Amino acid sequence: MLETRTRFGSNSGQPATRRDGIAKVTGVANFAADNRPDDLLHAVYVPATIARGRVTHLDIAAAKSHPGVVEVFTPENRPPLAGDPEAKPFLFTFRTDALQNSDVRYANQPIALVLAETIEAATEGARLLVPQYEDQAPRIGLDGATPYKVEAGNFGRPGETIFGDVAAGHAAAKLSVDLTYETPAQYHNPMETHALVAAWDGDLLTLDIPSQAIVMSRAAFGYYFDIPPENVTIRSPYLGGGFGSKAIIHGPALLAILAARTLRRPVKLMLRRDQMFGPVGHRGATRQRLRIGIGDDGRMTVLDHESLATTSTFDDFVEGAAAASLGLYAAGALRSSQYAVRVDIGTPGPMRAPGEASGSAALECAIDEMAEKACLDPLDFRLRNYAEVEPGTGLPYSSKALRECYRQGAERFGWAGRPRAPRQMIHENGMLVGWGMGTALFHAPMFAAEARATLRPDGTGLVETAAADMGQGAWTALAQIAADSLGLPLEKIEFRSGTSDLPDGGIAGGSGHTATAGSALHAAGVDAIRQLGEIATADPASPLFGANAGVVARGGRLYARDDDSRSESYGEIIARAGGTTIRGTGNASRPPEAAQRHAMYSHGAVFAEVKIDPELFQMRVTRLVGAFAAGRIINPRLAESQLMGGMIWGISFALHEEARHDHRTGRIVNADFAGYHIPVNADVSGLEVITVHEDDPHVNPLGIKGVGEIGVTGTVGAIGNAIWHATGTRVRRFPIKIEDLLAGL
Ligand code: MOS
């Protein structure tokens, strides 16, 4: 077989700006809710204002008599759904609420759907329903019910993992800590709330809906509406963020699609901000106990991480915080155990670094407290204890530049001058200054994807895969990979993406999208170039005729591998071959046996500086340096932006973000951006990202890992540890608040 090569680096590795940037900032980009088909009906769902009980009355007559209201669906008249909303037929389907009965199992659950000619009429109709309830006292919070031990974790992972003899590890410890941390419930709040426009044509369903799983989710829609997956067309060219929540199908969407089918008109539904707090997933609250023991040599004899998390009364997703302790530190014995408590909340779901974010927050603070007890610098302690092979499995890491992350991050930050004791650094303006650090870790998964690459007679390329750009820049980074694989400059590439009629680009989740869809695009490009090379080398009229040493593709030309003076443009080769396009196909997934040979992770180290007012205890993160090794960086601008975004989420986790329930009603009292705090520009300064060079030949042939989620890990602990270093107060509950520091006085 002819050997064909493409060169990486002409496009990949370059800091290309977002291909969709201008469209987005000028308002040209069409998001789901921007679609306005003729004859459109607007839907508004009515959220329950109790958390437990049942609906006893709705004033349907009042709502229906309001001008413009067309229909009101309640459990009494809701048309049948073919698929059971209580079933879990696929990996990413959750039990959901689609008016299957009058029960209320969490606040903000849909209890009715109002359809009207205008959004205003639908909103007013919804208000006029004035629900009445038979309510029961809600069970809320980590102490709201009796915990149970989690047998099966999320996505097939075990609830508990034990390596080594934990009791012996505890017994062997010369020094130990036993600490409990709490992390709050957090709700996905992408800029674009969940939205869709549903339109039926007979048994054909077209959905304008932001989706992180464009092709895959067709099967679930097909299940609920009893149509073949091919009958579902999903258009998701732009997402205004997702964070995990848009990979999953939720009740309000099912109701809007059902209404469109029943009323034979297109229906639009866009959740209000407050409606994001309930039916569309969230990160459950956790309480984590960490017991760490060390021997005389400062090395861990045991790392014992137990986590309790809130979940719903009717489904099983549990924030897997304890699993954060599995891949990082080489303890003599290791235990990671999950417990959960069923309370009256919507079911949690995957949310940016699900498990790792909460788990890393507690782990990295506990590591710091252990180091302090042993009178060791926190960096020295980590350098003594980080694992050389994966703890428990003993597998070598596919690549590991963690030591280099520690070194480069510490050097850039200036860690070496740090006094070990707290309250030693006072800024000239009187602020207490503290420095802290944390290790970052996230697994490097791959899913399955397919792609097509077409070379056209005019020398341009068309590449196609149903990838999802939820703001992370997939549309740009993936096009860069495709361009290199076809040996073309980026501007000669047309990249079709974001619709379900294209080859399956896999899910945009788990920080695996670039690795997965990118590998498929690469394979498709290589296939097209191979075909082109075979045509040219077999054609006596081509300068490449008989170039049996192989060909190299670059800049829209094929070159003989052993003789650069022999070359021909793609257009010439295609023209002589009759002018038809050449179509390559490719797919990608990781061979299962690869995971038996190597442990695959991205690594990093985060260093934080805080300045704290000594009287008011107002806290500011003034510097944050993160050094990350995440394999081949396809686009440094976008990758740094992703890592930075993760670190900002870390600031949010450490200091701002928290959903608070009223324990009497079970309602979230801060379900809006006035009360649900996230960092704004004024909260973020001195952020620096270092991408540490790493060649990882094992994760996939291109060496791509993920950058979307790892930035959250390490950062929360680094900030918590810096706050202790500034004040001498250990706060073990996130977000850390002024009153926590006042209490430590
Ligand atoms: Mo993410 S929580 O894998 O979208």
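1. Here's the deal with the overall build of the chain
On a plain count of helices and strands, the chain comes out with 16 helices and 29 strands. Against the compact-globule benchmark of 27 Å for 745 residues, the chain has a radius of gyration of 27 Å, which places it among compact chains. Along the longest, intermediate and shortest principal axes, the C-alpha atoms of the chain span 85 × 75 × 50 Å. Relative to its full complement of 745 residues, the chain shows a buried share of 61%. A separation of at least 24 residues holds for 80% of the contacts in the chain among residues at least 6 apart in sequence.

2. Quick word on the packing of helix H5 (residues 217-225) against helix H6 (residues 251-263)
Remark: H5 packs on H6, axes separated minimally by 11 Å, with the N-to-C direction vectors making an angle of 55°. As the angle between them shows, H5 and H6 are arranged oblique. Between H5 and H6 the crossing geometry is right-handed. In contact with Phe-221, Tyr-224 and Phe-225 of H5, H6 contributes Leu-254, Ile-257, Leu-258 and Arg-261. Counted by class, the contact of H5 with H6 contains six nonpolar, no polar and one charged residues.

3. Regarding H6
Under the 1.5 Å per step criterion, the end-to-end length of H6 is 18 Å for 13 residues, consistent within 8% with the ideal 18 Å. Most of H6 is tucked away: 10 of the 13 residues are buried. Regarding H6, the residues found buried are Gly-251, Pro-252, Ala-253, Leu-254, Leu-255, Ala-256, Ile-257, Leu-258, Ala-259 and Ala-260. One or two positions beyond H6, positive phi appears at Arg-264, with a value near 55°.

4. Remarks on the sheet that holds strand E25 (residues 563-569)
The strand order across the open sheet formed by four strands is E1-E23-E24-E25, and the pairing between neighbours is mixed. Each having just a single partner strand, strand E1 (4-6) and E25 make up the two edges of the open sheet. Put simply, the sheet's adjacent strands are angled 30° from each other on average, direction ignored. Pairing of E1 with strand E23 (residues 551-554), which is carried by three bridges, proceeds in the parallel orientation. Counted as the bridge partner of Arg-5 is Val-552 from E23. Along the sheet face, helix H11 (residues 513-537) touches E1, E23 and strand E24 (557-560) and points at about 130° away from the line of E1.

5. As for the side chain of Asn-385
Structurally, Asn-385 can be placed in helix H8 (residues 378-385). Among the polar contacts made by the side chain of Asn-385, one reaches the main-chain amide nitrogen of Met-300 at a distance of 2.8 Å. Excluding anything up to four places from it in sequence, Asn-385 contacts Gly-298, Arg-299, Met-300, Leu-328, Tyr-329 and Ala-330.

6. Here we look at the sheet that holds strand E11 (residues 195-201)
Pairing is mixed across the open sheet formed by seven strands, whose spatial order is E4-E6-E2-E14-E11-E12-E13. The open sheet has two edge strands, strand E4 (69-73) and strand E13 (232-235), and neither has a second partner. On average, adjacent strands in this sheet sit at an angle of 20° to one another, irrespective of strand direction. When E4 meets strand E6 (residues 110-116), the two strands line up antiparallel, connected through four bridges. Across the sheet, Val-72 pairs through a bridge with Val-114, a residue of E6. The sheet contacts of H5 involve E11, strand E12 (204-208) and E13, and relative to E13 the element is tilted by about 135°.

7. Looking at the packing of H8 against helix H9 (residues 402-413)
Put simply, H8 and H9 touch, their axes get as near as 11 Å, and they point 165° apart. When the axes of H8 and H9 are compared, the pair comes out roughly antiparallel. Pair H8 / H9 crosses with left-handed handedness. Within the contact between the two elements, H8 uses Leu-379, Arg-382 and Leu-383 and H9 uses Arg-403, Tyr-406 and Ala-410. Tallied by class, the residues present in the contact of H8 with H9 amount to four nonpolar, no polar and two charged.

8. Describing the pairing of strand E17 (residues 333-343)
Counting buried residues along E17, eight of its 11 residues qualify, which places the element largely inside the surrounding structure. Where strand E8 (residues 148-149) lies against E17, two bridges are found, and the strand directions are antiparallel. Pairing of Tyr-148 across the sheet is with Ala-340, part of E17. Where strand E16 (residues 300-312) and E17 come together, 11 bridges link them in parallel fashion.

9. Some words on the packing of aromatic side chains
Scanning the model with the defined rule gives 18 aromatic pairs in all. With centroids separated by 5.1 Å and ring planes inclined at 65°, the aromatic side chains of Tyr-223 and Tyr-224 adopt a geometry described as edge-to-face. The exposure class assigned to Tyr-224 is buried, which follows from its relative accessible area of 0%. The structure contains a cluster of three or more aromatic residues connected by ring pairs, namely Phe-92, Phe-94, Phe-155 and Phe-317. Sitting over the ring of Tyr-559, Arg-554 keeps its end group 3.8 Å from the ring centre. Here the basic side chain of Arg-730 rests over the ring of Trp-724, its NZ or CZ set 3.9 Å away from the ring centre.

10. A closer look at the pattern of salt bridges
Scanning the model with the defined rule gives 51 salt bridges in all. Here Asp-304 makes a salt bridge to Arg-291, at a shortest N to O gap of 3.4 Å. Of this pair, Asp-304 sits in strand E16 while Arg-291 sits in strand E15 (residues 286-294), placing them 13 residues apart in sequence. Summarising the burial analysis for this pair, Asp-304 and Arg-291 share the class buried.

11. Let's talk about the pairing of E24
Here E23 runs beside E24; their pairing, made up of four bridges, is antiparallel. In the sheet register, Arg-554 faces E24, and the bridge partner there is Arg-557. Between E23 and the antiparallel strand that follows it, E24, lie two residues; Gly-555 among them carries a positive phi value of about 55°. Sheet analysis places E24 next to E25, joined by four bridges and oriented antiparallel.

12. Focus on unusual backbone geometry
Cis rather than trans, the peptide bond between Phe-734 and Pro-735 has omega equal to -5°. With a phi angle near 35°, Val-130 is a residue other than glycine that sits in the positive phi range. Along the chain, Val-130 turns up in the loop between helix H3 (119-128) and strand E7 (132-135).

13. Looking at the environment of Pro-158
Relative to the elements of secondary structure, Pro-158 occurs in the loop between E8 and strand E9 (160-163). Pro-158 sits 307 residues away from Thr-465 along the chain, and the two C-alpha atoms are 33 Å apart.

14. A word on the environment of Ala-63
Within the secondary structure, Ala-63 is located in helix H2 (residues 60-64). For Ala-63, a relative accessible area of 0% corresponds to the buried category. Taking C-alpha positions, Ala-63 is 48 Å from Thr-713, a pair spaced 650 residues apart along the chain. With residues up to four places along the chain from it excluded, the contact list for Ala-63 reads Val-69, Val-72, Gly-125, Leu-128 and Leu-129.

Conventions adopted
Residues numbered from 1 in each chain as written. Predicted model: local features only at pLDDT ≥ 70, side-chain atom pairs only at ≥ 80, totals over all residues. Heavy atoms only, no water. Helix = DSSP H or I, 4+ residues; strand = E, 2+ residues; numbered from the N terminus. Rg over C-alpha atoms; globule rule 2.2 N^0.38 Å. Buried < 20%, exposed > 50% of the residue type's maximum accessible area, 1.4 Å probe, protein only. Contact = heavy atoms within 4.5 Å. Axes fitted to C-alpha atoms, helices over the stretch in contact; angles between N-to-C directions. Parallel < 35°, antiparallel > 145°, perpendicular 65-115°, else oblique. Left-handed = near helix turned anticlockwise from the far one by under 90°. Nonpolar A, V, L, I, M, F, W, Y, C, P; charged D, E, K, R; others polar. Expected span 1.5 Å × (residues − 1). Pairing = 2+ DSSP bridges. Polar contact = N/O pair within 3.5 Å; in protein donor to acceptor, adjacent residues only side chain to side chain. Phe/Tyr/Trp six-rings, centres within 6.5 Å; stacked < 30°, edge-to-face > 60°. Lys NZ or Arg CZ within 6 Å of the ring centre and 35° of its normal. Salt bridge = Lys/Arg side-chain N within 4 Å of Asp/Glu carboxyl O.

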